[in-house]
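Single-letter residue listing:
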Amino acid sequence: MTNNILINILSLLAGAVYLKSSGGKIKNPYAFGKVVESYDVPIINRLTLPISIVIGPLEMVLSCMIILNIFREYALIIAMLLQIIFIFLMVLRFNKILPFGCGCFGLHAPDKVTWSKLSFNIAYSLLLLIILLMIHA
């Protein structure tokens, strides 16, 4: 019983992060596309338009699935895979200035990919993993 309450609280927290993250991406996919382009990864640059259109709604759907416990395990796995991709991209551009920020929570002024931004994404990934492990405990 206590475990279920903790899982639900952590799921609410994890879902809220993705819900906040999805807002700016859904409101302005063009701007998010510019953020995606600024990572300057050739294979991703070819897919900028589909990525910029799909990521925001995907994050919103995943957040709802995690919060409402609708196929929560699958949503956690997909969210972790997204986080691994985000972390990989941030590592590629670590300590470099991106003209529109890292894109985590929308379009921003030029900003450097710092250890604090990277560590937030790593911590968030660990939160998703902890929830998944708690479900299977």
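One structure accompanies this document, and this report is about it. Note that the coordinates shown come from a computational prediction; the quantities given were computed from them, not determined experimentally. (Residues numbered from 1 in each chain as written. Predicted model: local features only at pLDDT ≥ 70, side-chain atom pairs only at ≥ 80, totals over all residues. Heavy atoms only, no water.)

Before going further, it helps to spend a moment on the environment of Asn95. Within the secondary structure, Asn95 sits in the loop between helix H5 (72–92) and strand E1 (97–98). With 16 residues separating them in the primary sequence, Asn95 and Asp111 have C-alpha atoms 9.5 Å apart. Setting aside its immediate chain neighbours within four residues, Asn95 contacts Lys112 and Val113. (Helix = DSSP H or I, 4+ residues; strand = E, 2+ residues; numbered from the N terminus. Contact = heavy atoms within 4.5 Å.)

Looking now at the packing of aromatic side chains. What the rule picks out here adds up to 2 aromatic pairs. On the numbers, 6.2 Å between centres and 50° between planes, the contact of Phe71 with Tyr74 is tilted. Across this residue pair, the class does not change: Phe71 and Tyr74 are exposed. (Phe/Tyr/Trp six-rings, centres within 6.5 Å; stacked < 30°, edge-to-face > 60°. Buried < 20%, exposed > 50% of the residue type's maximum accessible area, 1.4 Å probe, protein only.)

The next subject is the pattern of salt bridges. Applying the stated rule across the entire model yields 2 salt bridges. Where Glu59 meets Lys25, a salt bridge forms, and the shortest distance between an N and an O atom there is 3.0 Å. With a gap of 34 residues between them, Glu59 in helix H4 (residues 48–68) and Lys25 in helix H1 (residues 2–27) connect regions that are remote in the sequence. The shortest N-O distance in the salt bridge between Glu37 and Lys34 comes to 3.1 Å. Taken together, the positions of Glu37 and Lys34, both in helix H2 (residues 29–38) and 3 residues apart, correspond to about one turn of that helix. (Salt bridge = Lys/Arg side-chain N within 4 Å of Asp/Glu carboxyl O.)

Okay, the side chain of Asn121 next. Inspection of the secondary structure puts Asn121 in helix H6 (residues 115–135). With a relative accessible area of 5%, Asn121 lands in the buried category. Those residues in contact with Asn121 that lie beyond four places of it in its chain are Gln83, Phe86, Ile87, Met90 and Cys104.

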